[in-house]
Amino acid sequence: MTVLQAYRDSTRPDIESAWARSRLNGIREDAMPPFDLASRNADSFLARAASPVLRRVASELEGTPVALVLADQAGRVVDIHGAARSIRRAVSDIGIVPGVELGEDRIGTNALGTPLETRRSLLVRADEHYLALFRGFTCYGHPIFHPVTRRLEGVLGIGATTSADHRLSALLARRMVRDIQERLQRDSPRAHSRLMSAFQAAAGRRGRAVVVIGDGLVLATPAAVDLLEPADHAALRACAEAVPVGGQDSRELVLTSGRAVRLVCQSIEGTDGVLVDITQESGVRRTRVASDRMPLWPLLVVGETGTGRTTEALGLVGPAARTLDATDIVLIGDTTWAAQLGETLEAGGPPVVIENIQLLSEQLTALLAQRLRETSREVVLTSTPGEHLDAVHAALPALCNDRRELVPLRRRRHEVPGLAQQMLTEVTGHTGTRFTAETMRVLAAQPWRGNLAELRRVVELVASARSAGDIIPTDLPASHRGGQAPGSPIREAEREVIMAALEAAGGNKLQAARALGVSRSTLYNRIRALRIA
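Residues numbered from 1 in each chain as written. Predicted model: local features only at pLDDT ≥ 70, side-chain atom pairs only at ≥ 80, totals over all residues. Heavy atoms only, no water.

Some remarks on the sheet that holds strand S14 (residues 379-383)
Strand order in the open sheet formed by five strands is S12-S13-S14-S11-S15, and the pairing between neighbours is parallel. The strands lining the two open edges of the sheet, one partner per strand, are strand S12 (322-325) and strand S15 (402-405). On average, each strand axis in the sheet is tilted by 20° relative to the strand beside it, whichever way the strands run. Contacting S12, strand S13 (352-355) and S14, helix H11 (residues 329-345) runs over the sheet at an angle of about 145° to S12. (Pairing = 2+ DSSP bridges. Helix = DSSP H or I, 4+ residues; strand = E, 2+ residues; numbered from the N terminus. Axes fitted to C-alpha atoms, helices over the stretch in contact; angles between N-to-C directions. Contact = heavy atoms within 4.5 Å.)

As structure tokens, this is what we get:
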């Protein structure tokens with residue numbers, strides 16, 4: 001086997017996975033790409049660092065059928081250089097021009113969007129492109145990481161016609177990316193200067209609480225320092241990391257002190273930094289926002305495992321409520337559980353919580369629907385999300401006059417530091433043990449597949465090992481020390497689709513693979529890559 005053949009064989013699982021994701025995103029192979037031109041910053045940090053490198057290499061390759069394409073972290077084309085007029089025309093003819101977005105979720109497997117998704121370099125041969133339109137080209141894509149922050153800045157693509165020799169593409173791409181990264185590192189002081197200027201401009205008004213978070217740089221006004229605890233700093237950083245380049249975000253946050261504030265996070269032009277403007281809200285917001293209004297009965301609480309469905313339900317009806325759990329059916333059988341259901345709902349009395357309706361059979365679903373129509377009690381149903389609520393169990397949501405959706409912890413990372421410290425105080429019974437700011441940052445970066453339940457298990461494990469003093473990252477379980485960046489929206493969506501398919505198939509991976517339209521080996525590869533238990 002040749003070295004090139006071995007390299008090609010090693011990329012095959014990546015291509016299969018990318019095609020599976022493309023199908024999950026609903027993209028058709030014969031479709032025309034949605035090439036809507038988006039605004040781009042031709043003077044961005046990445047563009048300034050890469051432009052001299054692209055021009056130099058294009059001149060070195062003059063006359064060869066090679067195109068050099070630079071895209072930012074959103075998959076938006078920033079710059080294109082063609083070594084020959086024919087390749088520039090060919091690339092332009094298929095719609096690849098500055099400003100178009102080439103994310104894998106938009107056009108399927110390609111040498112720019114897929115490396116951004118996987119954060120790994122990739123050779124995409126002609127017939128491996130998902131869209132038929134691109135199959136006249138073979139392309140190599142190499143991600144660009146900032147050498148200091150290790151943040152993904154963009155991707156460099158080298159494309160050529162199928163008749164060209166592509167064996168040197170990987171070597172050329174690595175050399176170019178190394179040169180671009182060196183320029184990114186040299187330009188870092190300029191970015192810091194811009195961060196400082198933005199901070200000084202925003203902090204001009206006396207008493208204003210402002211924080212600037214950038215690459216290895218955090219600036220805060222005295223008002224912000226007085227307002228924020230270590231857990232709050234980690235929450236601010238989680239908010240800032242969610243702001244897209246050139247974008248803005250606004251949200252509420254309850255600080256460790258109990259003060260309610262509004263955060264306005266604004267990306268700072270020409271840098272990777274974010275300006276956070278903190279405004280105190282009047283009064284203190286209650287922790288349980290979901291219970292602020294009087295619910296209507298029956299009520300449905302929907303949330304993933306570990307999001308606190310039971311806590312939410314009992315918070316709505318009170319601790320005196322009677323609970324009936326569908327998980328008990330395995331132990332006592334359908335007949336006994338049905339009898340308990342009838343006995344519980346047939347007369348007046350305290351509220352009732354019926355847990356895990358996603359486990360009910362069609363017969364028990366019909367029985368529960370009938371009892372809900374007849375009962376005078378206040379009833380709360382809990383369930384996992386999924387298609388079953390529109391299919392086999394559709395009758396139950398239809399009878400509910402109110403619904404509460406619990407947001408997974410991975411979608412509210414800014415709350416993780418405060419929740420972790422609150423849980424630690426509850427577990428230890430005192431405030432003498434605290435998470436350091438760096439530990440908070442690591443916790444906020446975890447995927448938290450098990451949501452609040454998983455977070456509490458980690459806190460309890462840490463508390464059992466350290467009863468006093470500061471908790472540093474090495475005190476966390478090895479499985480939760482990585483501090484890896486949150487998965488991209490595409491990977492998170494893919495993970496949730498696969499988990500839903502596995503749940504619908506009762507854990508049978510072959511049936512789940514058939515439902516998803518992929519091979520069983522592809523499904524196993526994605527389960528391993530996405531760390532699905």
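Re helix H12 (residues 362-374)
With 13 residues, H12 should cover 18 Å at 1.5 Å per step; its first-to-last C-alpha distance of 19 Å lies within 8% of that length. Among all positions in H12, only Leu364, Thr365, Leu368, Ala369 and Leu372 are buried. Down the axis of H12, the smallest arc covering the buried residues is 140°, so these residues share one side. Exposed residues lying more than 90 degrees from the buried face of H12 are Gln363, Arg373 and Glu374. (Expected span 1.5 Å × (residues − 1). Buried < 20%, exposed > 50% of the residue type's maximum accessible area, 1.4 Å probe, protein only. Arc of directions from axis to C-beta.)

Details of the pattern of salt bridges
Should their charged atoms come close, side chains of opposite charge can pair. A full pass over the atoms with the stated rule returns 22 salt bridges. Residue glutamate 104 is joined to arginine 21 by a salt bridge in which the shortest nitrogen-to-oxygen separation is 2.6 Å. Here glutamate 104, found in helix H4 (residues 104-107), pairs with arginine 21, found in helix H1 (residues 3-24); they are 83 residues apart in sequence, far enough to count as distant. Owing to a relative accessible area of 1%, glutamate 104 belongs among the buried residues under this scheme. Put simply, arginine 135 and glutamate 29 hold a salt bridge, and the shortest N to O gap is 3.0 Å. Residue arginine 135 is located in the loop between strand S3 (122-124) and strand S4 (137-145), and its partner glutamate 29 is located in the loop between H1 and helix H2 (45-60); the two are separated by 106 residues in the primary sequence. Judged by relative accessible area, arginine 135 falls into the partly exposed class, the value being 27%. Beyond isolated ion pairs, a larger network of salt bridges with shared partners links Arg56, Glu60, Arg175 and Asp179. (Salt bridge = Lys/Arg side-chain N within 4 Å of Asp/Glu carboxyl O.)

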